[in-house]
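# Overview (structure and organization)
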Amino acid sequence: MQLTSPRLRAALLAAASLTLVAAVLPPPKALGIGDPLFPELGNPGYDVLAYDLSFTYKDNRSPLDAVTVIDARAQEPLERINLDFTNGTVAEAEVNGEPARFESVAEDLVLTPARPVAAHMPLHIVIRHTSDPRGRSDGGWVVTDDGLAMANQADAAHRVFPCNDHPSDKAYFTFRITAPAGLTAVANGVPGALPARRAAAPTTWTYRTVHPMATELAQVSVGDSAVVRGTGPHGLPLRDVVPAADRQKLERWLKKTPGHIEWMEQRVGRYPFENYGVLIARAKTGFELETQTLSLFEHGLFTEEGYPEWYVESVMVHELAHQWFGDSVTPRAWSDLWLNEGHATWYEALYADGLGKYSLERRMREAYQRSDQWRAAGGPPAAPKPAAPGQKIGLFRPAVYDGAALILYALRQEIGAEAFDRVERSWVGEHRDAVAGTEDFVRLASREAGRDLGEFLKPWLYGSTTPPMPGHPEWSGAKGA
Ligand SMILES: [Zn+2]
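As the structure is a prediction and not an experimental result, all values here were calculated from the model.

## A short note on the environment of Thr303
- Structurally, Thr303 can be placed in helix α4 (residues 299-303).
- For Thr303, a count of 15 C-beta atoms within 10 Å translates into the label partly exposed.
- C-alpha of Thr303 to C-alpha of Asn87: the two residues are 216 residues apart in sequence and 33 Å apart in space.

## Re the domain arrangement of the chain
- If you check the domain split of the chain, you get domain 1 (1-221), domain 2 (224-324) and domain 3 (330-462).
- Just the C-alpha atoms count here: the centres of domain 2 and domain 3 sit 23 Å apart.
- At the junction of the two partners, domain 2 supplies 15 residues and domain 3 supplies 15 residues.
- Broken down by secondary-structure element, the contributors of at least two residues to the side of domain 2 that touches domain 3 are α3 (257-268) and α5 (309-324).

## Things to note about the sheet that holds strand β5 (residues 98-99)
- Taking strand neighbours across the sheet as the criterion, the 8 strands line up as β5-β4-β8-β2-β1-β11-β14-β13 in an open arrangement whose pairing is mixed. Every other strand in the sheet has two partners, leaving β5 and β13 (190-191) as the edge strands with one partner each.
- Where β13 and strand β14 (residues 203-208) come together, 2 bridges link them in antiparallel fashion. Within the sheet, the bridge partner assigned to Val190 lies in β14 and is Arg208.

## A look at the packing of α3 against α5
- At a minimum axis separation of 10 Å, α3 and α5 run at an interaxial angle of 45 degrees. Taken together, the axis directions place α3 and α5 in an arrangement best described as oblique. Between α3 and α5 the crossing geometry is right-handed. In this structure, α3 contributes His260, Ile261, Met264 and Val268 to the contact, and α5 contributes Met316, Val317, Leu320, Ala321 and Trp324.

Definitions and limits used
- Residues numbered from 1 in each chain as written.
- Predicted model: local features only at pLDDT ≥ 70, side-chain atom pairs only at ≥ 80, totals over all residues.
- Helix = DSSP H or I, 4+ residues; strand = E, 2+ residues; numbered from the N terminus.
- Buried ≥ 20, exposed ≤ 12 C-beta atoms within 10 Å, placed from the backbone.
- Domains from an automatic or database assignment.
- Contact = placed C-beta atoms within 7 Å.
- Pairing = 2+ DSSP bridges.
- Axes fitted to C-alpha atoms, helices over the stretch in contact; angles between N-to-C directions.
- Parallel < 35°, antiparallel > 145°, perpendicular 65-115°, else oblique.
- Left-handed = near helix turned anticlockwise from the far one by under 90°.

In structure tokens, the structure reads:
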């Protein structure tokens, strides 16, 4: 038999060279970039520029069919390319137009391209796979009463799609979500061509981010949803996604967002993204999550008894504040998590203070009383202990929330409100759409204060006990509180 199609011949030659390469390579292994808390997260050797993710959703009992396209740049010569991926079956992989061998090792998907990739060369990776939403509780897809949502923080994006799953590698995202008639699909960013609602056949919804994003902040929602549009400060497009049946009931909460954005902008400057909104999901997650441009909230927060209005609003402000702190400025490593949560807690507490419900000073005094215990249990804010195996959410401890907001309070006490205000604005201004860590913050704070704050901040960030609070010599860690 003669192979006449050039495409078939190319495939055959590629397969042949692949065998040659594979013969001399050692067995593939899982790699990471050495994150202190998640050593196997992320992968060395390349920088992802863009993800193009296609998902076909049928129902909550079936894996989604998916195609993940990754455009990246090799930073060094690569004979293998490690991606983070688990919880799906890979059918096919291609690198730069040629079939690549693929193997799963722990939570890595290891590709062996037909020919090695030279340093600084573009990498175009196509992976056909499934993405399974069933039977897990450790992040990734969140099963809701009427479909799916996503909660990838800290290390679960790779339970949904193959990726370089570390916040230090931000990239642009395009989403193409095909869903049955009657369901609405929404993702981060701005919509492409919008299908007519309630079309008879499955429809494909497309979205793209205008700003780079960390994998942990990706959001895809499929459900019986209403998309509520509005306008925020300076004409900022607002887009909320809520269960269609509850639209009326939830509207009074949605109306609060423009005021929240205005309040944040007065303190730290312009909202950093293309649009904003809340995604209210019919699910019990036990948390809210700052997915970029579309924060995820549990339905119960807005509909169940027992949550005072000021509390719900301050939680809304917490997730909104993350759009600046955590989303636009992304942590360099997961041990920099305090920069996300400390700031979000700070603005949450400041907002509640402004409503006259819970003063910032009282909250900080109470945090101070517990801070030593928090540090003993979870480590200091900037060097937290790893979460216990199987309890990854255990990383999100009080030491990185109120315990970290306490560092910001101490800093403000030390350098004064004016300099502190400059620190906050410069931080989100200078690191916008970028990655920054604890040492960057210390440097920036020192610059704005006009003196080296390294020695002052070190025990606050890394100490096993809480230093004295400037201006409050009477504060103490309550024994047995
Ligand atoms: Zn938070």
